[in-house]
Amino acid sequence: MDELVTGDAVVLGLRPAKLPSRALAVVIDLAVVWAGYIVVSIVLAIATDSLDTAAVAALAVASFLLIPVGVPIAVETLSHGRSLGKLACGLRVVRDDGGPIRFRHALVRGAMGVVELLMSFGVIACIASLVSARGRRVGDLFAGTLVVRERVPADRASAVPPPPPWLVGRFSELDLSSVPDDLWLAVRQYLTRMRQLDAGVGWSMAQRLAGDLAARTGVPLPHDVPPAAYLAAVVNERQARDARRAFGPGSVTAGRSAPGAQPGPVAPAHPPVRRPEVAEPRDARPVEVPQDGAEAASREPGPAAPPASGFAPPA
């Protein structure tokens, strides 16, 4: 499968990376890491020539843990899923819901990569990627991550529409830690495709997703907020939190969405009601209402008043 699809048959813009591009990115990363490890090992061997065998072995183990294991974890954490090889191949590591990864995701991926990439020479990773529907290796399964192709054509990329301005920041106190990733993914996919859905179908989907999201947060759905606008506002709040956590407190502008995103239509406060259309006859003419004599006489034009000349007749 080339794209992420939910049970509602909604397609997400990001596409999972295939095995050849992932393998090329891993080869580039390993070449850079092992070149640095060899250089550091040579320098340590020259500098620790006078030390005993135990100290040399301890430094060798420390350099192995710091360079081939620790450096990829630090790079993925600081670059938010983009290593040198992935950057060259146009790939990126994201969470299952499409959000940026954090240190714990990179740590699990790096720890499992020692076994499936270094110790088995990539055999375990290749088998797992071929078996997985999204091409994920064992580290991705345990970390809840996915490697996607970041260079998506503009006509296939879809951005989440921003919420109405009066809802920006209203849900800043919500506890979003209990919301699972699959629910976030379903909400994002609905928001990116809601313009293509029928009015009734979109309304029912928005109500169902908003109810599930409100149940996870522990705060009931506000009565004065349409379900689609509520979903857009909560997703915008989560994106703002992720951006503040990744880039700092001053990196987020309230109400600003991704580049190219257009404001989506705000759902009405009530379900749409279809009214029957009445055809107007072609030869319709205005109907004259009969009037009584007094009213007709009052509407008849009287004699025209003489123009004002400024002359006043004598008394």
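Since the model is a prediction, treat every value here as computed from it, not as a measurement. (Residues numbered from 1 in each chain as written. Predicted model: local features only at pLDDT ≥ 70, side-chain atom pairs only at ≥ 80, totals over all residues. Heavy atoms only, no water.)

1. Re the side chain of D242
Right, on to step 1. Structurally, D242 is set in helix α9 (residues 227-247).
Right, on to step 2. Reaching out from D242, the side chain makes a polar contact with the side chain of R95 at a distance of 3.3 Å.
Right, on to step 3. In contact with D242, not counting residues within four places along its chain, are R95 and P100. (Helix = DSSP H or I, 4+ residues; strand = E, 2+ residues; numbered from the N terminus. Polar contact = N/O pair within 3.5 Å; in protein donor to acceptor, adjacent residues only side chain to side chain. Contact = heavy atoms within 4.5 Å.)

2. Some words on helix α4 (residues 103-119)
Right, on to step 1. Its 17 residues place the ends of α4 23 Å apart at the C-alpha level, agreeing with the 24 Å of an ideal helix rising 1.5 Å per residue.
Right, on to step 2. Bending of α4 peaks at approximately 40° at the position of G113.
Right, on to step 3. Looking only at α4, the buried set comprises H105, A106, R109, G110, G113, V114, E116 and L118.
Right, on to step 4. Where α4 ends, the next residue or the one after it, F121, has phi of about 55°, a positive value. (Expected span 1.5 Å × (residues − 1). Bend = angle between axes of the 7 residues up to and from the residue. Buried < 20%, exposed > 50% of the residue type's maximum accessible area, 1.4 Å probe, protein only.)

3. Quick word on the sheet that holds strand β2 (residues 91-95)
Right, on to step 1. The strand order across the open sheet built from three strands is β1-β3-β2, with neighbouring strands paired in antiparallel fashion. Strands with a single pairing partner mark the edges of an open sheet, and in this sheet they are β1 (15-16) and β2. (Pairing = 2+ DSSP bridges.)

4. What to know about the pairing of strand β3 (residues 145-149)
Right, on to step 1. With four of five residues buried, β3 is to be regarded as a mostly interior element.
Right, on to step 2. Taken together, the two bridges between β1 and β3 define a ladder with antiparallel strand orientation. Directly across from P16, in β3, lies its bridge partner V148.
Right, on to step 3. In the sheet, β2 pairs with β3 via five bridges, with the strands oriented antiparallel. Within the sheet, the bridge partner assigned to V93 lies in β3 and is V147.

5. Examining the packing of helix α7 (residues 181-193) against α9
Right, on to step 1. The geometry of α7 relative to α9 is characterised by a closest axis approach of 10 Å and an angle of 120° between their N-to-C directions. The angle between α7 and α9 falls in the class oblique. Along this stretch, α7 crosses α9, giving a crossing that reads as left-handed. Together, D181, W184, V187, R188, Y190 and L191 of α7 and A228, L231, A232, V234, V235, R238 and Q239 of α9 make up the contact between the two elements.
Right, on to step 2. Looking at the contact of α7 with α9 residue by residue, the class counts come to nine nonpolar, one polar and three charged. (Axes fitted to C-alpha atoms, helices over the stretch in contact; angles between N-to-C directions. Parallel < 35°, antiparallel > 145°, perpendicular 65-115°, else oblique. Left-handed = near helix turned anticlockwise from the far one by under 90°. Nonpolar A, V, L, I, M, F, W, Y, C, P; charged D, E, K, R; others polar.)

6. Comments concerning the pairing of β2
Right, on to step 1. Taken across its five residues, β2 has five buried, putting it largely inside the fold.
Right, on to step 2. Residues L91, V93 and R95 line one face of β2 and the alternating positions R92 and V94 line the opposite face, and both faces are buried.

7. Remarks on the nonpolar core
Right, on to step 1. Of all hydrophobic cores here, the largest spans 28 residues; its most connected members are Y190, L191, L213, Y230, L231 and V234.
Right, on to step 2. If you list the elements that add at least two residues to this core, you get α7, α8 (199-217) and α9.
Right, on to step 3. Of all the elements, α9 adds the most residues to this core, at eight residues.
Right, on to step 4. If sequence neighbours within four positions are ignored, V234 has contacts with F171, L174, L176, W184 and L213.
Right, on to step 5. Within the second largest apolar cluster, seven residues are counted, among which are A17, A25, L91 and V93. (Core = buried A, V, L, I, M, F, W, Y, C linked by side-chain atoms within 4.5 Å.)

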